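# Survey of secondary and tertiary structure
What follows is the residue order along each chain.
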Amino acid sequence: MASLLAGATKTAHSLATSLLSAAEAKVGSTIPLKVPVKEDDPQKTFTFEGIKGKNIFVGVPGAFTGTCTAQVPGYIKAYDQFKAKGIENIYVVAVNDVFVMKAWKEQLAPEGTPVHFISDDQGAFVGALGMLFDASPLLGAPRSKRFVAVTEDDTITHIAVEPNPAELTVTAAEKILPWL
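Attention in this report is confined to the structure presented alongside it.

Turning our eyes to something else, we now look at unusual backbone geometry. Positive phi values are uncommon outside glycine, yet Phe 64 reaches one of about 70°. Mapped onto the elements of the fold, Phe 64 is located in the loop between strand E3 (54-60) and helix H2 (66-77). Owing to a relative accessible area of 41%, Phe 64 belongs among the partly exposed residues under this scheme.

Here it is in structure tokens:
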């Protein structure tokens, strides 16, 4: 009985992940403008409606994970280089709660950083981008694929998605800077 329930749960979870995720975003796609996300306050949501200029969205599978913790400092350190190339904001987005994202930001940038750490706690934002995958075996739930999207206003102008979310090959900051 327990094995039957476990199998049904696993199947339902995989199905839910598939249903949550739209077709994968590509150049020319619009970012989800009306999907609420959080940054500093678990009670306060905002959307990207009205976003202007060039912005970078860095999708990561999970705060405090090894590869993510290796990737994000590159964006923090290169922030001024991105600004010099016309980037308005850098948003690090993960399917984690606000508390985890704030703690991770404090660990990675104890002196502070203008890089925004965004909590997509329900996976709705990355799901609408088609960037949600089933990370249940390792992280316990659906998570964001490792991706970087450069936008002009609300339109994606460049996008890179890691073929293996545990690796950092095409989404490191030094790989993205030449695109700009």
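On we go.
To continue, consider the packing of aromatic side chains. All told, the structure shown has 9 aromatic pairs when counted by the stated rule. Here Phe 57 and Tyr 91 contribute two aromatic rings whose centre-to-centre distance is 5.0 Å and whose plane-to-plane angle is 20°, an arrangement assigned as stacked. Here Phe 57 is found in strand E3, whereas its partner Tyr 91 is found in strand E4 (residues 87-94), with 34 residues between them in sequence. The class of Phe 57 is buried, set by a relative accessible area of 1%. When its relative accessible area of 9% is taken as the criterion, Tyr 91 is described as buried. Plain terms: the ring middles of Tyr 75 and Phe 82 are 5.5 Å apart, the flat faces sit at 15° to each other, and that makes the pair stacked. Residues Tyr 75 and Phe 82 agree in their burial class; the two are buried. Among the aromatic residues, those joined into a cluster by ring pairs are Phe 46, Phe 48, Phe 57, Tyr 91 and Phe 125.

Along helix H4 (residues 98-108), the residues that are buried comprise Val 98, Met 101, Trp 104 and Leu 108. Along the axis of H4, the buried positions cluster into a sector of 130°, meaning they face one direction only. Facing away from the buried side of H4, by more than 90 degrees, are the exposed residues Phe 99 and Glu 106. Next to the buried residues of H4 lie strand E1 (37-38), E3, H2, E4 and strand E5 (116-119). Two or three places before Phe 99, at the opening of H4, Asp 97 has a side-chain oxygen 2.9 Å from that residue's backbone nitrogen.

Of all 6 residues that make up strand E8 (residues 147-152), 5 are buried, and the element is covered over most of its length. Strand direction decides the pairing type here: E8 and strand E9 (residues 155-161), joined by 6 bridges, are antiparallel. What sits directly across from Phe 147, in E9, is Val 161. Taken together, E8 and the strand that follows it, E9, pair antiparallel across an intervening segment of 2 residues, in which Asp 153 is found at a positive phi of about 55°.

Let us now look at H2. One turn of the α-helix equals 3.6 residues, which is why residues spaced by three or four share an orientation. A rise of 1.5 Å per residue sets the reference length of H2, with its 12 residues, at 16 Å; its end C-alpha atoms lie 18 Å apart and thus fit the reference within 8%. Looking only at H2, the buried set comprises Cys 68, Gln 71, Val 72, Pro 73, Tyr 75 and Ile 76.

Inspection of every chain in the model, using the stated rule, returns 3 salt bridges. For Lys 145, the salt bridge goes to Glu 24, with nearest N and O atoms at 2.6 Å. Here Lys 145, found in the loop between strand E7 (142-144) and E8, pairs with Glu 24, found in the loop between helix H1 (2-20) and E1; they are 121 residues apart in sequence, far enough to count as distant. Judged by relative accessible area, Lys 145 falls into the partly exposed class, the value being 22%. The shortest N-O distance in the salt bridge between Lys 38 and Asp 121 comes to 2.8 Å. With Lys 38 in strand E1 and Asp 121 in the loop between E5 and helix H5 (124-128), this residue pair connects regions lying 83 residues apart in the sequence. Judged by its relative accessible area of 15%, Lys 38 falls in the buried class.

Right, let's get into the side chain of Asn 96. Summarising the element assignment, Asn 96 is placed in the loop between E4 and H4. With relative accessibility at 10%, the residue Asn 96 sits in the buried group. Excluding anything up to four places from it in sequence, Asn 96 contacts Gly 62, Ala 63, Met 101, Ser 119, Asp 120, Asp 121 and Arg 143.

So, how was this worked out
Residues numbered from 1 in each chain as written. Predicted model: local features only at pLDDT ≥ 70, side-chain atom pairs only at ≥ 80, totals over all residues. Heavy atoms only, no water. Helix = DSSP H or I, 4+ residues; strand = E, 2+ residues; numbered from the N terminus. Buried < 20%, exposed > 50% of the residue type's maximum accessible area, 1.4 Å probe, protein only. Phe/Tyr/Trp six-rings, centres within 6.5 Å; stacked < 30°, edge-to-face > 60°. Arc of directions from axis to C-beta. Contact = heavy atoms within 4.5 Å. Polar contact = N/O pair within 3.5 Å; in protein donor to acceptor, adjacent residues only side chain to side chain. Pairing = 2+ DSSP bridges. Expected span 1.5 Å × (residues − 1). Salt bridge = Lys/Arg side-chain N within 4 Å of Asp/Glu carboxyl O.

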